[in-house]
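One-letter residues, chain by chain:
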There are 2 protein chains.
Amino acid sequence: MAIEKKIDCVLLGLLSHEDLTGYEIKKRMDTSLKYFWGASYGSIYPALGNLVDRGLAEKRDGAENKRNKFVYSITEAGRGYLKEWLQAPAERDELRYETLLKLFFGNEGGVQQAIAHIDAFQKKIEKELPYLVKAEDTLKKVIDIDDAHQYYLLTVEFGIKTYRAYLEWCEEAKAMLGKEDKQK
Amino acid sequence: MAIEKKIDCVLLGLLSHEDLTGYEIKKRMDTSLKYFWGASYGSIYPALGNLVDRGLAEKRDGAENKRNKFVYSITEAGRGYLKEWLQAPAERDELRYETLLKLFFGNEGGVQQAIAHIDAFQKKIEKELPYLVKAEDTLKKVIDIDDAHQYYLLTVEFGIKTYRAYLEWCEEAKAMLGKEDKQK
DNA sequence: TTCTATATATATCAATTTGATATATAGAAT
DNA sequence: ATTCTATATATCAAATTGATATATATAGAA
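What you see is a predicted model; the values in this text were computed from it and never measured.

Now for the interface of chain B and chain A. The interface is formed by 55 residues belonging to chain B together with 55 residues belonging to chain A. Within the residue set of the side of chain B that touches chain A, elements represented by two or more residues are helix H1 (6-15), helix H4 (76-87), strand E3 (93-97), helix H5 (98-104), helix H6 (111-141) and helix H7 (149-182) of chain B. Looking at the side of chain B that touches chain A, the element that brings in the most residues is H7 of chain B, giving 15 residues. Looking at chain direction, strand E3 (residues 93-97) of chain A and E3 of chain B are connected through 5 bridges and run antiparallel. Directly across from leucine 95 of chain A, in E3 of chain B, lies its bridge partner leucine 95 of chain B.

Near DNA strand C there are 24 residues, and of these Gly42 and Asn65 of chain A together with Gly22, Tyr23 and Gly42 of chain B occur at the shortest range. Broken down by secondary-structure element, the contributors of at least two residues to the surface near DNA strand C are helix H1 (6-15) and helix H3 (41-53) of chain A together with helix H2 (22-30) and helix H3 (41-53) of chain B. Residues belonging to the surface near DNA strand C are distributed by class as follows: 7 nonpolar, 9 polar and 8 charged.

Right, let's get into the relation of the copies chain B and chain A. Mapping chain B onto chain A calls for a screw motion: a turn of 180 degrees about the axis and a shift of 0.0 Å along it, with 0.0 Å RMSD after fitting. Within this description, the copies of the chain are treated as partners about a two-fold rotation axis. Relative to the rotation axis, the C-alpha of leucine 95 of chain B is the closest in chain B, positioned 2.2 Å from it. The share of interface residues of chain B whose copies in chain A are also at the interface is 100%, consistent with both copies meeting through the same surface.

A few words now on the environment of tryptophan 37 of chain A. Residue and element names in this part refer to chain A. In this fold, tryptophan 37 is placed in the loop between helix H2 (22-30) and H3. You can call tryptophan 37 buried: it has 20 C-beta atoms within 10 Å. The spatial distance from the C-alpha of tryptophan 37 to the C-alpha of valine 10 is 9.0 Å, given a sequence separation of 27 residues.

Here we come to the nonpolar core. Core analysis: the biggest nonpolar cluster contains 96 residues, and Leu11 of chain A together with Leu11 of chain B have the highest contact counts within it. What leucine 11 of chain A contacts, discounting residues up to four positions off in sequence, is Ile25, Ala47, Leu48 and Leu51 of chain A.

Here the focus is the protein's contact with DNA strand D. The environment of DNA strand D is made up of 25 residues, and the closest members are Gly22 and Gly42 of chain A together with Gly42, Asn65 and Lys66 of chain B. Sorting the residues of the surface near DNA strand D by element identifies H2 and H3 of chain A together with H1 and H3 of chain B as the ones contributing at least two each. Here the surface near DNA strand D gets 4 residues from one element, more than from any other, and that element is H3 of chain A. Across the surface near DNA strand D, the residue classes break down as 8 nonpolar, 9 polar and 8 charged.

Bringing the packing of H2 of chain A against H3 of chain A into the picture now. Residue and element names in this part refer to chain A. Following both chains from N to C, one finds H2 and H3 inclined at 135 degrees, their axes separated by 10 Å at the closest point. One way to sum up the angle between H2 and H3 is to call them oblique. Here H2 and H3 pass one another in a crossing that is right-handed. On H3, the residues that touch Gly22, Ile25 and Lys26 of H2 are Tyr41, Ile44, Tyr45 and Leu48. Tallied by class, residues from the contact of H2 with H3 come to 5 nonpolar, 1 polar and 1 charged.

What follows deals with the environment of leucine 14 of chain B. Residues and elements named next belong to chain B. Within the secondary structure layout, leucine 14 lies in helix H1. As for leucine 14 and isoleucine 143, which are separated by 129 residues in sequence, their C-alpha atoms are 18 Å apart. With residues near it in sequence (within four places) discarded, leucine 14 still touches Leu20, Ile25 and Arg28.

About the cut-offs
- Residues numbered from 1 in each chain as written.
- Chains lettered and ligands numbered in written order.
- Predicted model: local features only at pLDDT ≥ 70, side-chain atom pairs only at ≥ 80, totals over all residues.
- Contact = placed C-beta atoms within 7 Å.
- Helix = DSSP H or I, 4+ residues; strand = E, 2+ residues; numbered from the N terminus.
- Pairing = 2+ DSSP bridges.
- Near = placed C-beta within 6 Å.
- Nonpolar A, V, L, I, M, F, W, Y, C, P; charged D, E, K, R; others polar.
- Least-squares fit on C-alpha atoms with pLDDT ≥ 70 in both.
- Buried ≥ 20, exposed ≤ 12 C-beta atoms within 10 Å, placed from the backbone.
- Core = buried A, V, L, I, M, F, W, Y, C linked by C-beta atoms within 7 Å.
- Axes fitted to C-alpha atoms, helices over the stretch in contact; angles between N-to-C directions.
- Parallel < 35°, antiparallel > 145°, perpendicular 65-115°, else oblique.
- Left-handed = near helix turned anticlockwise from the far one by under 90°.

Spelled out as structure tokens, the structure:
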């Protein structure tokens, strides 16, 4: 065991809560999970087939019409596998921010360009923050309906907290660069 | 042009400041840049050869003894390529936190396990934060020696700001889960 | 002096993952 | 009728990681 592909664990995690199609899994990746994890079709579909081969998930035909549709559910073995992974310590917590990379090399592009990058970053965060706040609001209202909700809320609070810190940093960083710019 | 591999841009960015060997580049990735970007030997060495082939960097023998050693420097064409990338908007700013992933599926593992994950995360951040604070201190002292230093400082300030937000979140998250746990 | 551990240094490769694309049906709106 | 968007599966080249192999240099301990 031990060596567990992350994609397997994410899929089992999602399936532990509800039965899903590959398409629905991708949608969850792009909404609820996108702030801290990602996965593409190119990894989801092969991994789904793989889970079935290993008896960790089951595939059933979910078509109600002519359209192709396969619904996946977790097996007992799958739930065991998931629990094993859940109890192991987290291995990778990493940030990959191209904005910071460009800023790090900022001297090559100059102050105005650096400020433009910070501005663009700030706008992106300002645009996304309301969705997190809305999710927080919704989750607080339904917190008692499902035990899983409090865990979802935890990740949303993380997002809100860090996004607000980002916005503070944006202002301070621009102030610092602006000051430097005037002196020249 | 347009389609630029990130690894090429990082290498040129580092080489724009000083001549480096592949090994030294990897060291910088694992220290100064590790908080917001990463790269492995498996991408660095092939990319370095590729840059030379395209005339964006130059390779020279830097051995002072029997040991293999090749020093790379940026060319004028390379500097042009770098500037083009720097002026384009940042494409990907993403977080990949396994801690949050495990927390999101926390209902499957229970409150105590979730708290343990938050604790481990908190300890990791508490351990790394002093290095960032030290880097901030050092950079502030040498800020006038090199124009590049203020940009390095900016990324360090980002790290400090977000790490402190993480620590606040850790406390709040544990309080929330602890409260929930007692009620049961 | 020799041994040992660590640092310097390049290089490669299987396995994983992304990003893009192809294909086709369903449903809603114009 | 037609067009747009959403649902749904699937594949593949290209990028990247993580691990490993190889070899020399250096500093300190035995």
